[in-house]
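Listed below, chain by chain, are the residues.
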Number of protein chains: 4
Amino acid sequence: MTVKQPARRSERSRQAILGAAAELVAEVGFPKLTIEAIAARAGVGKQTIYRWWPSKGAVVFDAMLSGMSEDGDLSLPDTGDLAADLRLVLRGTVAEMADPAFQAPGRAMTTEIQSDPVLAREYRERLLGPNLEAAKARLRSAQETGEVGRNVDLDVAVEMIFGPVYYRWLLRLGPLDDAYADAVAGLAVAGLR
Amino acid sequence: MTVKQPARRSERSRQAILGAAAELVAEVGFPKLTIEAIAARAGVGKQTIYRWWPSKGAVVFDAMLSGMSEDGDLSLPDTGDLAADLRLVLRGTVAEMADPAFQAPGRAMTTEIQSDPVLAREYRERLLGPNLEAAKARLRSAQETGEVGRNVDLDVAVEMIFGPVYYRWLLRLGPLDDAYADAVAGLAVAGLR
Amino acid sequence: MTVKQPARRSERSRQAILGAAAELVAEVGFPKLTIEAIAARAGVGKQTIYRWWPSKGAVVFDAMLSGMSEDGDLSLPDTGDLAADLRLVLRGTVAEMADPAFQAPGRAMTTEIQSDPVLAREYRERLLGPNLEAAKARLRSAQETGEVGRNVDLDVAVEMIFGPVYYRWLLRLGPLDDAYADAVAGLAVAGLR
Amino acid sequence: MTVKQPARRSERSRQAILGAAAELVAEVGFPKLTIEAIAARAGVGKQTIYRWWPSKGAVVFDAMLSGMSEDGDLSLPDTGDLAADLRLVLRGTVAEMADPAFQAPGRAMTTEIQSDPVLAREYRERLLGPNLEAAKARLRSAQETGEVGRNVDLDVAVEMIFGPVYYRWLLRLGPLDDAYADAVAGLAVAGLR
DNA sequence: AAGTAATCGAGACGGTACGTCATGTCTTACC
DNA sequence: GGTAAGACATGACGTACCGTCTCGATTACTT
């Protein structure tokens, strides 16, 4: 969340808290995670957490952000073959979602977002939004080559691509493997034509 | 959840608990819902809840089940026009999801499913599964008329239909209206061809 | 307590309850003794206990009564030598009080008597009273031989004899052995002259 | 009880708890006294009680200690006339025991001591012991004047003095008035010669 | 270099809810 | 009708965390 960065904040404590939060959410899951446990594990006073983060969710969110390479290039490949590019992207998405290290915090995030509007906004704007924007950019380019219909609503289009994957992941409806990624990519490309 | 059915369980208490849970989850939301409040509202001892349900989530789940017409005909319409049928179904789905009365418990359910495997199974088997099966049946019929390709994996196909809607709903990515339902239906039908 | 003796009372259950109570009070002590545990140990419904006894204390009291030879001859020996007779009696009293098997129920009794007037009355009339009466009888006889002064209040006198022993036992002020019994007997006899 | 004195304990809370405990034990009696009620009356969290006292009994004990002038001069009068001095002391003892305000907590204490060894020790060392010591000191002085035999065991002697009173009080064997105090004093002095 | 103010660790505080236990009442089915 | 079994409403238990608060003790800027 990183509310603000005042002069005298202890970076050491911040790191310890984020690290402890990341460890603990993986160990016990989000619902059983407590601020007290984070403070204890981080060797930090509770107040230091309350001073800088508004909620448990915010801490975990920050911990997840720290754990990600925020600088990563989000843009999708553009080889001119939309189907191939989507297959590639979805295979990556699917692999990440199947990764056990991502599961606990990922689900926690989804959960927390449901009851914390501030967090939800943060999530949409800082994590999800940029990714969806990148996908839309690729589809826009595909519209120019004619691979995607001109009248297709791109907001709906990106949801057609990632929605099914997210759905299967969250509700554990089936395996998240390359075959699945390819199938979704195939149906999507066909639909967008 | 209805774990087991020993001897003589008080039906009156069961109804009161389920009713109170449904009311309270709508009033305060799932995270702020407490067993004590349910017991108090239902005029029931806490132990009576703990005796029959393993967790808060299980109670709310049961409450939701009770609130639904379980006998309802799940099968999709089959007018011979797949696109029209899907539009109809998705409009209904979207309307339900936009309904404020469904929001709180619906999100609560999704949330709770993430950390309770028993509940998750129950959810998939008793609520989600039948609905997806009904959709698959309609698609299978569409395969016979040629509206859907023979080699399309129907599991993936149903996720292509409902996944995007669920995605938009859960992450609040945009409005859930008829236009959106139609757009999703359109793209899906095109993809499945 | 034995409230009443209606026709169809199960003697088998009564015995089982009293036995279980006696065992349990020795095992866990009176404060941790529960009606449920007694019922379970006795293989009896809780209601059967509630039907026949008004309180936990009453059950234990009855159990203790059953455990004692109620028919025993309470009268003190009268050899003509009061000091010797008292030594004998007090040695017996002291030995009983030091007996581990008597400790738990004995203390429980004392405890329970404090807050249950009915029980207290029962205790004084059925257990304590007869014993004190017997001692008074012996002292009365001693008054005739001149070993005890004519103007001595015998109620006070018996309390001078048993009070110190009870005091030392209840508050664990020191060992309860023959030497102590003899010392008390000696001082008492001297005082009563 | 005052288990330990770490860091910064709230004196205000301590007083409120002790006060509430004293009031409540007088109102409802020890067996019906609950920690929750004490906390509520004191305007304090339950945890604050559990943090500093190990049991309900310990709280009440502390409350009683606070209610007593701990600084009081315990030593018995020494006018040179043992009988007169003992009469005086026993009249005081008897009056205190007959005082309704002392009854409930006094009996509670006795009761609680039976099942809590820690409390029992505390009681013997901090309340009872000093009083008995004071009495022994007076008797020792009497041994020098010849009023008490040289070979009398003073531990037994003090029990001969207070035991009967305690016995009559606890088991409600008779009135606790001046006449009784005098009778006990008289018999005791005669015995100790 | 000393003064000073924000931050830190620690943890006590008033609370809420937890999940468990025992109470005493009740209902059912058996004998 | 008494019984074993056990569900029920009640209410206290002792524990876990909540979010706030105070306490020195650093610590890094200011003067």
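Bear in mind that the values here come from a model prediction, so they are computed numbers and not experimental data.

**Student:** Just to check I follow, could you spell out the relation of the copies chain D and chain C for this structure?
**Tutor:** Both copies of the chain are related through a single rotation about an axis accompanied by a shift along the same axis. It takes a turn of 179 degrees to lay chain D on chain C, together with a shift of 0.0 Å along the axis; the resulting RMSD is 0.2 Å. Each copy turns onto its partner about a two-fold axis. Within chain D, the C-alpha atom positioned nearest to the axis of rotation is that of Gly191 of chain D, 1.8 Å from it. An overlap of 100% is found between the interface residues of chain D and their copies at the interface of chain C, pointing to a shared contact surface.

**Student:** How do you make sense of the protein's contact with DNA strand F when you look at a structure like this?
**Tutor:** With respect to spatial proximity, 36 residues lie near DNA strand F, and among them Lys46 and Gln47 of chain A, Trp52 of chain B together with Lys46 and Tyr50 of chain D are the closest. Each atom of DNA strand F within 4 Å of the protein was classed as base or backbone; sugar and phosphate made up 64%. In the model, a phosphate oxygen of DNA strand F is placed 2.7 Å from a nitrogen or oxygen of the Ser10 of chain C main chain. Here Thr48 of chain C contributes a side-chain N or O atom positioned 2.8 Å from a phosphate oxygen of DNA strand F. Looking at the surface near DNA strand F, the elements that each hand over two or more residues are helix 2 (35–42) and helix 3 (46–52) of chain A, helix 3 (46–52) of chain B, helix 3 (46–52) of chain C together with helix 2 (35–42) and helix 3 (46–52) of chain D. Residue classes in the surface near DNA strand F are distributed as eight nonpolar, 14 polar and 14 charged.

**Student:** It is not clear to me how the arrangement of the chains should be interpreted in this structure. Could you clarify?
**Tutor:** At the C-alpha level, the nearest point of chain A lies 33 Å from chain C, with no contact between them. Of all C-alpha pairs spanning chain B and chain D, none lies closer than 17 Å, and the two are not in contact.

**Student:** Sorry if this is basic, but what is going on with the interface of chain A and chain B here?
**Tutor:** Interface size is often expressed as the accessible area that is lost when the parts come together. Each side of the interface is counted separately: chain A has 35 residues, and chain B has 35 residues. Between chain A and chain B the total buried area reaches about 3200 Å² when both faces are included, carbon and sulfur atoms providing 70% of it. Taken together, chain A and chain B are joined by two salt bridges. The interface formed by chain A and chain B includes 11 residue pairs in polar contact (both at pLDDT 80 or more).

**Student:** What exactly am I supposed to notice about the packing of aromatic side chains here?
**Tutor:** Both the distance between ring centres and the angle between the ring planes are used here to describe each pair of aromatic rings. All names here are of chain B. Under the defined criterion, the tally for this structure stands at 12 aromatic pairs over all chains. When the ring of Tyr166 is compared with that of Trp169, the centres are 5.7 Å apart and the planes differ by 55 degrees; the resulting orientation is tilted. A residue pair is termed a helical-turn pair when its members lie 3 or 4 positions apart in one helix, as Tyr166 and Trp169 do in helix 8 (residues 154–170) at three residues. For the residue pair Tyr166 and Trp169, the accessibility class agrees, reading buried in each case.

**Student:** Help me understand the packing of helix 6 (residues 100–115) of chain A against helix 8 (residues 154–170) of chain A in this model?
**Tutor:** When two helices pack together, their arrangement is given by the angle between their axes and by how far apart the axes lie. All names here are of chain A. In the contact formed by helix 6 and helix 8, the axes pass within 12 Å of each other and the chain directions differ by 105 degrees. For the element pair helix 6 / helix 8, the angle class is roughly perpendicular. Seen from helix 6, the contacting residues are Phe102, Gln103, Gly106, Arg107 and Thr110; seen from helix 8, they are Tyr166, Trp169 and Leu170. For the contact of helix 6 with helix 8, the per-class residue count stands at four nonpolar, three polar and one charged.

**Student:** Can you walk me through the relation of the copies chain A and chain B in this structure?
**Tutor:** Expressed as a screw operation, the relation of chain A to chain B combines 0.0 Å of axial shift with a rotation of 179 degrees, fitting to an RMSD of 0.3 Å. Both copies share a contact surface, since 100% of the interface residues of chain A are interface residues in chain B too.

**Student:** Is there a simple way to explain the protein's contact with DNA strand E in this structure?
**Tutor:** DNA strand E sits among 35 residues. The nearest are Lys46 and Tyr50 of chain B, Glu36 and Gln47 of chain C together with Trp52 of chain D. When the atoms of DNA strand E within 4 Å of the protein are grouped by moiety, sugar and phosphate amount to 63% of the total. Here Gly45 of chain D contributes a backbone N or O atom positioned 3.4 Å from a phosphate oxygen of DNA strand E. One of the side-chain N or O atoms of Arg51 of chain D is found 3.1 Å from a phosphate oxygen in DNA strand E. Of all the elements in the fold, those that place two or more residues in the surface near DNA strand E are helix 3 of chain A, helix 2 (35–42) and helix 3 of chain B, helix 2 (35–42) and helix 3 of chain C together with helix 3 of chain D. Of the residues in the surface near DNA strand E, the class split is eight nonpolar, 15 polar and 12 charged.

**Student:** What is the right way to read the environment of Ala16 of chain C from this model?
**Tutor:** Relative to the assigned elements, Ala16 of chain C resides in helix 1 (residues 11–28). The partly exposed category is assigned to Ala16 of chain C, whose relative accessible area is 27%.

**Student:** Help me understand the domain arrangement of chain A, please; the structure alone is not making it clear to me.
**Tutor:** Residue and element names in this part refer to chain A. Once the domains are mapped, chain A shows domain 1 (6–66) and domain 2 (82–192). Taken over C-alpha atoms, the centre of domain 1 sits 29 Å from the centre of domain 2. Opposite the nine residues of domain 1 that make contact, domain 2 presents 12 residues. Across the interface of domain 1 and domain 2, roughly 910 Å² is buried in total on both sides, 85% from carbon and sulfur atoms. Considering only the surface of domain 1 that becomes buried against domain 2, Phe30, Phe61 and Met64 emerge as the three largest contributors, covering 58% of it. Inspection of the region where domain 1 meets domain 2 yields zero salt bridges. There are zero residue pairs in polar contact (both at pLDDT 80 or more) connecting domain 1 and domain 2. Sorting the residues of the side of domain 1 that touches domain 2 by element identifies helix 1 (11–28) and helix 4 (56–67) as the ones contributing at least two each.

Reading guide: rules and limits
- Residues numbered from 1 in each chain as written.
- Chains lettered and ligands numbered in written order.
- Predicted model: local features only at pLDDT ≥ 70, side-chain atom pairs only at ≥ 80, totals over all residues.
- Heavy atoms only, no water.
- Least-squares fit on C-alpha atoms with pLDDT ≥ 70 in both.
- Contact = heavy atoms within 4.5 Å.
- Near = heavy atom within 4 Å.
- Polar contact = N/O pair within 3.5 Å; in protein donor to acceptor, adjacent residues only side chain to side chain.
- Helix = DSSP H or I, 4+ residues; strand = E, 2+ residues; numbered from the N terminus.
- Nonpolar A, V, L, I, M, F, W, Y, C, P; charged D, E, K, R; others polar.
- Buried area = accessible area lost by both parts, 1.4 Å probe.
- Salt bridge = Lys/Arg side-chain N within 4 Å of Asp/Glu carboxyl O.
- Phe/Tyr/Trp six-rings, centres within 6.5 Å; stacked < 30°, edge-to-face > 60°.
- Buried < 20%, exposed > 50% of the residue type's maximum accessible area, 1.4 Å probe, protein only.
- Axes fitted to C-alpha atoms, helices over the stretch in contact; angles between N-to-C directions.
- Parallel < 35°, antiparallel > 145°, perpendicular 65-115°, else oblique.
- Domains from an automatic or database assignment.

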